[in-house]
Amino acid sequence: MNAPHLPMPASPAMVGDLNPPPASAARLREIPYNYTSFSDREIVLRLLGARAWELLDQLRAERQTGRSARMLYEVLGDIWVVQRNPYLQDDLLDNPKRREALIDALRHRLAEVDKRRRRHPEDDAKRDAWVGELLTAAEAAVAAFSHQFEQVAELRKRATKVFARHTAEGQHQVRRPVARGPRHRRHRLARRVPLRRAHARHRGRDGRAGGEAASSWA
């Protein structure tokens with residue numbers, strides 16, 4: 001069955017202002033794997049909150065190589081594409097190892113951004129603090145993303161157990177073989193003995209009748 005869309009972010013307070021953005025912000029589409037009509041601003045508001053978009057807007061003017069920004073956007077793109085695609089959610093729910101690899105990759109990218117931030121902390125203390133605040137929000141989003149999978153998997157397990165009681169397949173699976181001890185075997189043997197005796201008497205009568213018939217034909 002299709003998995004429900006994973007609601008993000010976990011806390012409603014993180015959503016922030018969803019009012020229509022300025023025209024310049026509406027055109028920004030740097031987040032990869034975004035095949036929806038949502039702009040970068042709308043995705044960041046839903047995943048990280050309004051404060052994170054303000055910080056990204058301020059840091060955009062100070063970019064040097066943009067590598068840290070690209071890695072952060074890749075994290076958001078991975079979360080967003082899975083959140084919007086129930087088939088990907090099903091695949092990750094059915095493959096815990098693949099899901100774990102995805103979560104590890106997201107955390108690795110954030111760790112690389114943090115490593116680049118700590119390389120030259122003396123360059124700009126304010127910029128360093130902004131990036132640190134963004135990383136905190138992104139780490140919280142990844143943790144919520146991972147936790148949502150655990151919640152959905154547990155709900156599926158409970159639902160399957162409940163539905164199994166009311167379906168033919170579930171009833172077939174729930175049935176267990178009845179223990180058959182010595183008492184049960186004696187009971188079956190007691191039921192078979194009269195049948196064997198009756199069968200033997202019937203064969204004896206047939207045998208006598210057959211013998212008489214044979215002698216008359218002789």
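Residues numbered from 1 in each chain as written. Predicted model: local features only at pLDDT ≥ 70, side-chain atom pairs only at ≥ 80, totals over all residues. Heavy atoms only, no water.

Caption draft 1: Representation of the overall build of the protein chain in the model. Counting its regular elements, the protein chain contains nine helices and zero strands. When the elements of the protein chain are put in sequence order from the N terminus, they spell out α-α-α-α-α-α-α-α-α. Counting the 218 residues in the protein chain, one finds 32% classified as buried. Partitioning the intrachain contacts of the protein chain with sequence separation of at least 6 by distance along the chain shows that 72% fall at a separation of at least 24. (Helix = DSSP H or I, 4+ residues; strand = E, 2+ residues; numbered from the N terminus. Buried < 20%, exposed > 50% of the residue type's maximum accessible area, 1.4 Å probe, protein only. Contact = heavy atoms within 4.5 Å.)

Caption draft 2: Summary view of unusual backbone geometry. Backbone geometry places Y33, a non-glycine residue, at a positive phi of 60 degrees. The exposure class assigned to Y33 is partly exposed, which follows from its relative accessible area of 38%.

Caption draft 3: How the structure looks around the pattern of salt bridges. Inspection of every chain in the model, using the stated rule, returns 13 salt bridges. Between R118 and D114 there is a salt bridge whose closest N-O contact spans 2.8 Å. With R118 and D114 both in helix 6 (residues 96–119) and four residues apart, the pair spans about one turn of that helix. The class for D114 is buried, based on a relative accessible area of 18%. (Salt bridge = Lys/Arg side-chain N within 4 Å of Asp/Glu carboxyl O.)

Caption draft 4: Quick look at the packing of helix 2 (residues 40–47) against helix 3 (residues 50–60). Helix 3 packs onto helix 2 with a crossing angle of 135 degrees between their chain directions and a minimal axis gap of 7 Å. The angle between the axes of helix 2 and helix 3 places the two elements in the oblique class. Along the contact surface, helix 2 presents D40, R41, V44 and L45, while helix 3 presents A50, A52, W53 and L56. (Axes fitted to C-alpha atoms, helices over the stretch in contact; angles between N-to-C directions. Parallel < 35°, antiparallel > 145°, perpendicular 65-115°, else oblique.)

Caption draft 5: How the structure looks around the confidence of the model for the protein chain. In this model, the protein chain carries an average pLDDT of 76, and 61% of its residues clear a pLDDT of 70 or more. Per-residue pLDDT stays below 50 along residues 8–16; that stretch engages in 22 contacts with residues further than four places along the chain or on separate chains. Low pLDDT, under 50, characterises residues 209–218; the predicted model gives this stretch zero contacts beyond four residues in sequence or across chains. (pLDDT = per-residue confidence, 0-100.)

Caption draft 6: How the structure looks around helix 3. Of the positions making up helix 3, those classed as buried are A52, W53, L55, L56, L59 and R60. Buried residues of helix 3, seen end-on, are gathered within an arc of 160 degrees and therefore sit on one face of the element. (Arc of directions from axis to C-beta.)

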